[in-house]
Amino acid sequence: MAEGTAGYRDILKAPHAARLLTGTLIGRLPNATAPVAIVLFTRAEGGSYSLAGGLAAVYGIATAIGQPLLGRAVDLHGQPRVQFPAAVVSALGMVLLAAVGIGALPLAYAAVAVAGVFTPPLEGGLRALWPSVLGREDRVHRAYAMDAVAQEVMFTVGPLLVTLLVSLWSAAAALLVINVIGVIGALSVVLSEPSRGWRSAPREAHWLGALRSPGLLALLGALFFVGLALGSITVAAIAYADDHGQESVYGWLMAALGLGALIGGTAYGARQWAGAPERRLRVIVALLALGYLPLALTPGVVAMTALAALSGVFLAPAIACAFIVVDRHAPSGTVTESFSWLVTTFGVGAAVGTAVAGPAVELGGTSWSFAVAGAGGIAAFLVLMTTQRALAVPARSKGIAVAIPGSSENDRNGAAEPGFSSGREA
C-alpha cells in the first residue's frame, strides 16, 4: 500500500498532472451534480418526484447524445476548440432552467436538454492526455485508478456542496454557482500546454467510429446497468431522508457511499494486479451487485449509512478496471470518443435509474427504489458473463506507446495494468 501511495504522489508531481486532474474534476462538477441539483430544484419549485426524475432523465439522455459527438469532434479538431465553448453553452442551459423554473415545462425540458447535449467531454479528454503527460504505461494505469478515486470524491463532495448551497441560498442559486465553477474548471484544462498540444492518432473512416468494436459494445452494456444502479440510489437516498424527516441523512448516505468508493479505489490502485482485466471486471461487478442488494432492507440511519459505505467499496475499482478494458478494445484514433461513449452509457444508465426510482418510490416506497440498484448490479454482471467471447480478444494487445507532449495521440490499447502480462507479447 505504501508503494501504491508513493505511486500516486509520483503521478501528481508530474508536470501538468495535478492541474489537469483538478481542472477536469471541477469542470465536471455540473455534470456530476446535475441529477441531485435538478431533483432538489424541482422539489423546491413544488414539483413531484416523477417530474424531477423526468427532467433528470432528459438531461441524462441529452448528455448521452452529446458526449460521443463532442468526443469525436475533440478527436478531429482538438480539445480547446470544443471543450470550452461546450462548457459555456451547457452552463447557459442551466441558467435558463433556474430562470424559468417549472412553470413553463417545455422551456424547462429544453433548458436541461441544452445543458446535457453540450456537457464537455472532459473525462474522456483527460484520459487521452495521460499518456503524453505521464509517459510510462504503469503510471498511466495507476492514473486511471487515481482518476476513479478522485471522481468518487467529487461525487461525494458535489452533492454535499449542492445541498449546502441550497440551504444557504436557494436551489436556483445552487444551479448557477455550480455551473460557473464548472466553466472555470474547463477553462483551466483547455489553457494547459498538454491540452493545447494534443492531437489524435490517425483513424479509419467509419460511420460507427468507436462503436465498431464488439468488446467496447459489451463493456458499454454492462456499464449502463452500473450507472442505472447508481442513479437510482440518488433518488432513493433523498426519499429515505424524507422518510426520516432529516435532509442531512441524504448527505450522510452519499458521503458514506463516496467513502466506501474512496477506500476501495485507493486500495485497488495501490497494488499491481495479475490476470486479464476483463476477468477481473466480472468479479468486481459481481461484488458490486452483492453490495447493492442489502440497501433494499432500509434499516435505521446508522445501519443504512454502514450499508451505503459497503455498497460503494467496489464502485471505483469497477470504473478503474473498465478504463483499462476501454484501452484494450478502443479502435485507434477514437480515444476521446471511446471514453466519451463510456461516460455516455453510464450517464444514460444513471438517468434511467433516476427516472425509474422516482415512480418506484411513489408506487412501492423507498425499499423499491433501492431494489432498483440491486437489480442494476445483477444485470451488469449478467451482461459481462454473456459477452465473454466479445471481451476475450482485444483488437490490439500491445502496451501503451510513450508519447511526448504535443505529439500525436499514442495507441492506448494497452495489454495490461501494472504487473500484468497478457501472454501475447513477443
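Bear in mind that the values here come from a model prediction, so they are computed numbers and not experimental data.

A. Expanded view of the overall build of the chain. In terms of regular secondary structure, the chain is built from 18 helices and 0 strands. Across the 426 residues of the chain, 58% fall into the buried class. Excluding contacts between residues fewer than 6 apart, the proportion of contacts in the chain whose partners are at least 24 apart in sequence is 83%. For the chain, the accessible area works out to roughly 15,600 Å², and carbon and sulfur atoms hold 69% of it.

B. Region of interest: the packing of aromatic side chains. Within the structure shown, the criterion is met by 5 aromatic pairs. A ring pair is formed by Tyr144 and Phe323, whose centres lie 5.9 Å apart and whose planes are at 75°; its orientation type is edge-to-face. Of this pair, Tyr144 sits in helix α8 (residues 137–168) while Phe323 sits in helix α15 (residues 315–329); the two residues are 179 residues apart in sequence, bridging distant segments of the chain. The same class applies to Tyr144 as to Phe323, namely buried. Residues Phe224 and Phe225 carry aromatic rings whose centres are separated by 5.0 Å and whose planes lie at 85° to one another, so their mutual orientation is edge-to-face.

C. Molecular detail of helix α11 (residues 214–243). The end-to-end C-alpha separation of α11 is 44 Å, in line with the 44 Å expected for 30 residues at 1.5 Å each. Across the 30 residues of α11, 23 count as buried, placing the element largely inside the fold. A positive backbone phi angle near 65° is found at Gly245, which sits one or two residues after α11.

D. Up close: a nonpolar patch on the surface. On the surface, Val283, Leu287, Leu290, Leu293, Ile378 and Leu382 cluster together into a nonpolar patch covering about 510 Å² of accessible area. Of all the secondary structure elements, the ones that give two or more residues to the nonpolar patch are α13 (277–292) and α17 (366–386). The leading source of residues in the nonpolar patch is α13, at 3 residues.

E. Fine view of unusual backbone geometry. For His16, which is not glycine, the phi torsion reads 75° and is therefore positive. Note that His16 resides in the loop between α1 (2–13) and α2 (17–27). Residues other than glycine seldom take positive phi values, yet Thr298 does so here, at roughly 40°. Along the chain, Thr298 falls in the loop between α13 and α14 (301–312). Taking relative accessible area as the criterion, Thr298 reaches 22% and is therefore assigned partly exposed.

F. Here's a closer look at the nonpolar core. Ranked by internal contacts, the top residues of the largest apolar core, which has 112 residues, are Ile38, Leu97, Trp130, Leu134 and Tyr292. The contacts of Trp130, once residues within four sequence positions are left out, are Ala17, Leu21, Gly135, Val140, Ala143, Tyr144, Met146 and Asp147.

G. Structural view of the packing of α11 against α13. Look at α11 against α13: their axes get within 12 Å of each other, and the N-to-C directions meet at 20°. In terms of axis orientation, α11 runs roughly parallel to α13. The handedness of the crossing between α11 and α13 comes out as left-handed. Between α11 and α13, the residues in contact are Leu219, Val226, Ala229, Leu230 and Ile233 and Leu281, Leu288 and Tyr292, respectively.

H. Quick peek at α14. For α14, which comprises 12 residues, the first-to-last C-alpha distance of 17 Å matches the rise-based estimate of 16 Å (1.5 Å per residue) to within 8%. On the buried face of α14, the contacting elements are α11, α12 (248–269), α13, α15 and α17.

I. Main features of the side chain of Thr119. As for its placement among the helices and strands, Thr119 is situated in the loop between α6 (105–117) and α7 (122–134). At 3.3 Å, the side chain of Thr119 and the side chain of Tyr59 are in polar contact. The contacts of Thr119, once residues within four sequence positions are left out, are Asn31, Tyr59, Thr63, Gln67, Leu70 and Ser90.

J. Structural context of the pattern of salt bridges. Across all of its chains, the model carries 5 salt bridges by this definition. Here Glu337 ties to Arg72 by a salt bridge, and the two come within 2.9 Å at their closest N and O atoms. Taken as a pair, Glu337 in helix α16 (residues 335–364) and Arg72 in helix α4 (residues 49–77) lie far apart in primary sequence, 265 residues in all. You can call Glu337 buried: its relative accessible area is 1%. Taking relative accessible area as the criterion, Arg72 reaches 26% and is therefore assigned partly exposed. A salt bridge links Arg127 to Glu123, with the shortest nitrogen-to-oxygen separation between them at 2.8 Å. Of this pair, Arg127 and Glu123 both sit in helix α7, separated by 4 residues, roughly a single helical turn. Taken together, the shared-partner salt bridges in this structure form one network comprising Arg28, Glu123, Arg127 and Asp147.

K. Representation of the confidence of the model for the chain within the structure. Here the chain averages 82 in pLDDT, while 87% of its residues score no lower than 70. Across residues 396–426, confidence stays below pLDDT 50; counting only partners more than four residues off in sequence or on other chains, it has 98 contacts.

L. Representation of the environment of Ala320. Assignment of secondary structure puts Ala320 in helix α15. According to the relative accessible area criterion, Ala320 is buried, its value standing at 2%. Here the alpha-carbon distance between Ala320 and Ala148, two residues 172 residues apart in the chain, equals 5.6 Å.

M. How the structure looks around the environment of Val100. As for its position among the elements, Val100 is in helix α5 (residues 80–100). We classify Val100 as partly exposed; its relative accessible area is 25%. Taking C-alpha positions, Val100 is 9.0 Å from Ala111, a pair spaced 11 residues apart along the chain. Residues in contact with Val100, not counting those within four places in the same chain, are Leu107 and Ala108.

N. Just the packing of α13 against α15, in detail. At a minimum axis distance of 9 Å, the contact between α13 and α15 shows a crossing angle of 150°. Relative to α15, the element α13 is oriented roughly antiparallel. Judged by the twist between their axes, the crossing of α13 over α15 is left-handed. Each of Pro277, Glu278, Arg280, Leu281, Ile284, Leu288 and Tyr292 in α13 lies in contact with α15, whose residues at this interface are Leu315, Pro317, Ala318, Cys321, Ala322, Ile324, Val325, Arg328 and His329.

Cut-off values and rules
Residues numbered from 1 in each chain as written. Predicted model: local features only at pLDDT ≥ 70, side-chain atom pairs only at ≥ 80, totals over all residues. Heavy atoms only, no water. Helix = DSSP H or I, 4+ residues; strand = E, 2+ residues; numbered from the N terminus. Buried < 20%, exposed > 50% of the residue type's maximum accessible area, 1.4 Å probe, protein only. Contact = heavy atoms within 4.5 Å. Areas by Shrake-Rupley, 256 points an atom, 1.4 Å probe, with all protein chains shown as cover. Phe/Tyr/Trp six-rings, centres within 6.5 Å; stacked < 30°, edge-to-face > 60°. Expected span 1.5 Å × (residues − 1). Patch = residues over 30% accessible without salt bridge, like charges linked within 9 Å, V, L, I, M, F, W, Y side chains within 5 Å. Salt bridge = Lys/Arg side-chain N within 4 Å of Asp/Glu carboxyl O. Core = buried A, V, L, I, M, F, W, Y, C linked by side-chain atoms within 4.5 Å. Axes fitted to C-alpha atoms, helices over the stretch in contact; angles between N-to-C directions. Parallel < 35°, antiparallel > 145°, perpendicular 65-115°, else oblique. Left-handed = near helix turned anticlockwise from the far one by under 90°. Polar contact = N/O pair within 3.5 Å; in protein donor to acceptor, adjacent residues only side chain to side chain. pLDDT = per-residue confidence, 0-100.

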